[in-house]
Amino acid sequence: MVKIEPSWKEALKDEFEKPYFTELTAFVKNEYLSAKVFPPPKFIFNAFELCPFDSVKVVILGQDPYHGDKQAHGLCFSVPEKVAVPPSLQNIYKEIAQDIGGTIPSHGNLEHWAKQGVLLLNATLTVRAHTAGSHQGKGWEEFTDAVIKTLSDKKENLVFILWGNYAKKKGELIEFEKHLVLEAAHPSPFSAYNGFFGCKHFSRANAYLKKHGKEEIKWI
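Residues numbered from 1 in each chain as written. Predicted model: local features only at pLDDT ≥ 70, side-chain atom pairs only at ≥ 80, totals over all residues. Heavy atoms only, no water.

## Brief notes about the side chain of His73
Move 1: Relative to the helices and strands, His73 is located in the loop between β2 (58-62) and α5 (87-100).
Move 2: Of the polar contacts made by the side chain of His73, one reaches the side chain of Ser78; its length is 2.7 Å.
Move 3: His73 has contacts with Pro39, Phe43, Asn46, Ser78, Val79, Pro80, Asn109 and Glu111, leaving out every residue within four places of it along the chain. (Helix = DSSP H or I, 4+ residues; strand = E, 2+ residues; numbered from the N terminus. Polar contact = N/O pair within 3.5 Å; in protein donor to acceptor, adjacent residues only side chain to side chain. Contact = heavy atoms within 4.5 Å.)

## Notes on the environment of Gly101
Move 1: If you trace the backbone, Gly101 turns up in the loop between α5 and α6 (111-114).
Move 2: Note on Gly101: relative accessible area 25%, which makes it partly exposed.
Move 3: Taking the C-alpha atoms as reference points, Gly101 and Glu183, separated by 82 residues in sequence, lie 21 Å from one another.
Move 4: Residues contacting Gly101, with those up to four places away along its chain left out, are Ile96 and Ile220. (Buried < 20%, exposed > 50% of the residue type's maximum accessible area, 1.4 Å probe, protein only.)

## Observations concerning the side chain of Asn46
Move 1: Tracing the sequence through the fold places Asn46 in helix α4 (residues 46-50).
Move 2: Under the relative-accessibility criterion, Asn46 is labelled buried at 7%.
Move 3: Among all residues touching Asn46, those that are not within four sequence positions of it are His73, Gly74, Leu75 and Glu111.

Okay, here's the thing in structure tokens:
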């Protein structure tokens, strides 16, 4: 398994000692040896690498990595530059432009969000090529639930952005009294018009950060 960023390694040290994580590590290693798996191994913990524990201000939750070629690089909703912008991210960009203005980027790389303190966390961190959900139920969810709970417990005044029913269920792990939790429909083309567009999560997140003395996110 790829090494994780030091501040996260410290914050999550108990998780790495648990039997489920040992089993998960063995499963993932075997999958990379026996099948085509995304993202490339060096990017499994990319969300943590680009956004250390002490830097987290906003958490955006996804479900699975993209399972198409060259798409996944360890950040939910994000794709590397020169890869076509996926439909959900196109809708995210539209909402940002409507909410706070600005020019929609021509690429889908959200590393600049991560470097500002946005943890772009998928519930499952690996997936078999072209097989959605193939690594669900293997232990990743237990690990990423621990990430969410650790952030909620150990930090204050974070913004958790939960889009869609799957992400909303993770709200059970968050102390609403200590943090801002924003919920809306998923930005996918199937649901964006049922409550994602017009949610104003980006301006609301920035207003909350500013209120608590934190630098706002440059979303666009």
